[in-house]
Amino acid sequence: MAFATGSSISVTSISCSFKQNQAPIRFSSLNSASLSVNAKSFPSLRLRTGQNRFQVSCAAKPETVQKVCEIVRKQLALPAETAVTGDSKFAALGADSLDTVEIVMGLEEAFDISVQEDSAQNIATVQDAADMIETLVEKKSA
């Protein structure tokens, strides 16, 4: 069993193995880690602080995030000097609700996926979109 708590120290690289009778391992202030479970690799995990809790979510592959950044840049006709990263919020980039719908449509076409309306409403950042895409692509290929 592993515990992750705190948010003041950033860990960028860590390697652990967990065995059945191993004593619990505690990480203090873990922000990200890599994990492989049953031969399935999760390139990185992000810890999101929430209301008095941590939510662990699998972060999308860097190439997926980059492709989403390119699609967002194109859909919003952003100049080259405008920084678009995984943390970029659509609203902060100037997107209104119609722009967000067009971004989702562009993502559906580019990744050959179908995004449900309720899922689309939960997308606020480039990273949110990339994470959702990874999930949908994985479900599609399963």
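Residues numbered from 1 in each chain as written. Predicted model: local features only at pLDDT ≥ 70, side-chain atom pairs only at ≥ 80, totals over all residues. Heavy atoms only, no water.

- An unreviewed UniProt entry annotates the protein as Acyl carrier protein of Actinidia chinensis var. chinensis.
- The Subcellular location (unreviewed entry) comment attached to the protein in UniProt states, word for word, "Plastid, Chloroplast".
- You can read under Sequence similarities (unreviewed entry) in the UniProt record for the protein the words "Belongs to the acyl carrier protein (ACP) family." (UniProt positions renumbered as here; feature names shortened; annotations may be inferred.)

1. Topic: unusual backbone geometry
The phi torsion of most residues other than glycine is negative, and most of the peptide bonds are trans.
Working step 1: The backbone phi angle of A77 is positive, close to 50 degrees, even though this residue is not glycine.
Working step 2: According to the relative accessible area criterion, A77 is exposed, its value standing at 65%.
Working step 3: One non-glycine residue, D112, lies in positive phi territory at about 55 degrees.
Working step 4: Looking at where D112 falls in the secondary structure, it is placed in the loop between α2 (97-111) and α3 (117-120).
Working step 5: Classification of D112 by relative accessible area gives exposed; the value is 52%. (Buried < 20%, exposed > 50% of the residue type's maximum accessible area, 1.4 Å probe, protein only. Helix = DSSP H or I, 4+ residues; strand = E, 2+ residues; numbered from the N terminus.)

2. A closer look at the environment of A120
Working step 1: Mapped onto the elements, A120 comes out in helix α3.
Working step 2: Residues A120 and M132 lie 12 residues apart in sequence; the distance between their C-alpha atoms is 8.9 Å.
Working step 3: Contacts of A120, omitting those with residues within four sequence positions, involve V104 and V115. (Contact = heavy atoms within 4.5 Å.)

3. Side note on the nonpolar core
Working step 1: Judged by nonpolar contacts, the single largest core of 25 residues is most densely connected at V68, V72, F90, L107 and V126.
Working step 2: Contributions of two or more residues to this core are made by α1 (62-75), α2 and α4 (126-141).
Working step 3: With sequence-adjacent residues up to four places away left out, V126 is seen in contact with V65, V68, C69, V72, V84, T85, G86, S88 and F90. (Core = buried A, V, L, I, M, F, W, Y, C linked by side-chain atoms within 4.5 Å.)

4. Some thoughts on α2
Working step 1: Over its 15 residues, α2 runs 21 Å from end to end, which matches the ideal 21 Å to within 8%, given 1.5 Å per residue.
Working step 2: Of all the positions in α2, only D99, T100, I103, V104, G106, L107 and F111 are classed as buried. Along the axis of α2, the buried residues cluster in a sector spanning 160 degrees; they form a single face. Within α2, the exposed residues directed more than 90 degrees away from the buried face are L98, M105 and E109.
Working step 3: In this fold, the buried residues of α2 make contact with α1, α3 and α4.
Working step 4: Where α2 begins, the side chain of D96 points an oxygen toward the backbone nitrogen of L98, at a separation of 3.1 Å.
Working step 5: Looking one or two residues beyond α2, the residue adopting positive phi is D112, at roughly 55 degrees. (Expected span 1.5 Å × (residues − 1). Arc of directions from axis to C-beta. Polar contact = N/O pair within 3.5 Å; in protein donor to acceptor, adjacent residues only side chain to side chain.)

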